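# Geometric and topological summary
Now for the letters of each chain:
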Amino acid sequence: MNFEESFKDCLYYTTSGLYREVTVLAEESFAPLGLTPSYAYLLMIVYQFKEIPTADTARKIGLKPSTVTRLADKMVARGYIVRKSKGRTSLLVKTEKLDDEVGKIFACWKKLNLKYKEILGEKQLDRLNKLMITSKNKL
């Protein structure tokens, strides 16, 4: 029995492999903008909410607040967002530059989703998404 066969029933092994493949596709999609998928997702959330606490952003992305703070630091440096304090809460606030560039970010997400559909087919992609959401919620 080869290595892959011995782990084919291991959820960790199969989801890790899928994650790596999806990550490569996502990174290729956002490379023209000089963004990683995590930066793009952060920017889309801030754009949608206009002003959002760092902790809320972390929950939505599924990352630790310290990681979101580090990601936000780089987006502040690039002028996409600014920080604003409201009491003890740190808010991430969109800028005009983000308003100007967000169309390109959404276009990359659309391109990525089209790539998934091209590779997996629309029905399989839909089934996979639903199964993963249900499984994640149960775990």
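In the block above lies the structure referred to throughout.
From a predicted model like this one, the values you see are computed outputs, not experimental measurements.

Its 25 residues place the ends of helix α6 (residues 96–120) 37 Å apart at the C-alpha level, agreeing with the 36 Å of an ideal helix rising 1.5 Å per residue. For α6, the set of buried residues is Leu98, Val102, Ile105, Cys108, Leu112 and Tyr116. Check the buried side of α6 and you find it contacts α2 (11–30), α3 (37–49), β2 (81–86), β3 (89–94) and α7 (122–138). Just past α6, the residue Gly121 takes up positive phi, approximately 90°.

Glancing now at the packing of aromatic side chains. This model, assessed by the stated rule, comprises three aromatic pairs. With centroids separated by 6.3 Å and ring planes inclined at 75°, the aromatic side chains of Tyr41 and Trp109 adopt a geometry described as edge-to-face. Linking Tyr41 in helix α3 with Trp109 in helix α6, this pair joins segments that are 68 residues apart in sequence. Ring geometry for Tyr47 and Phe106: centres 6.3 Å apart, planes at 70°, overall edge-to-face. In this pair, Tyr47 is assigned in helix α3 and Phe106 in helix α6, connecting sequence segments 59 residues apart. Three or more aromatic residues link up through ring pairs in this structure, and these residues are Phe30, Tyr41 and Trp109. Here the guanidinium or amino end of Lys97 rests over the ring plane of Tyr80, the centre of that ring lying 4.8 Å away.

Rules used throughout
- Residue numbering note: each chain is counted from 1, following its sequence as written.
- Residues qualify for local features only when their pLDDT is at least 70, as the model is predicted, and side-chain atom pairs are given and counted only at 80 or more; totals for whole chains, interfaces and linings, by contrast, use all residues.
- To obtain the side-chain values, all non-hydrogen atoms of the structure were used and water was disregarded.
- Strands are runs of DSSP state E lasting at least 2 residues, helices are runs of H or I lasting at least 4, and numbering of each runs from the N terminus.
- The span one expects for a helix is its residue count, reduced by one, times 1.5 Å.
- Type-normalised accessible area, obtained with a 1.4 Å probe on protein chains alone, sets the label of each residue: buried when under 20%, exposed when over 50%, and partly exposed for intermediate values.
- Here a residue-residue contact requires only that any non-hydrogen atoms of the pair lie within 4.5 Å.
- When two rings of Phe, Tyr or Trp (its six-membered ring) have centres within 6.5 Å they constitute a pair, described as stacked for plane angles under 30 degrees, edge-to-face for angles over 60, and tilted for the intermediate range.
- We call a charge positioned over a ring when the NZ of a Lys or the CZ of an Arg lies within 6 Å of the ring centre and within 35 degrees of the ring normal.

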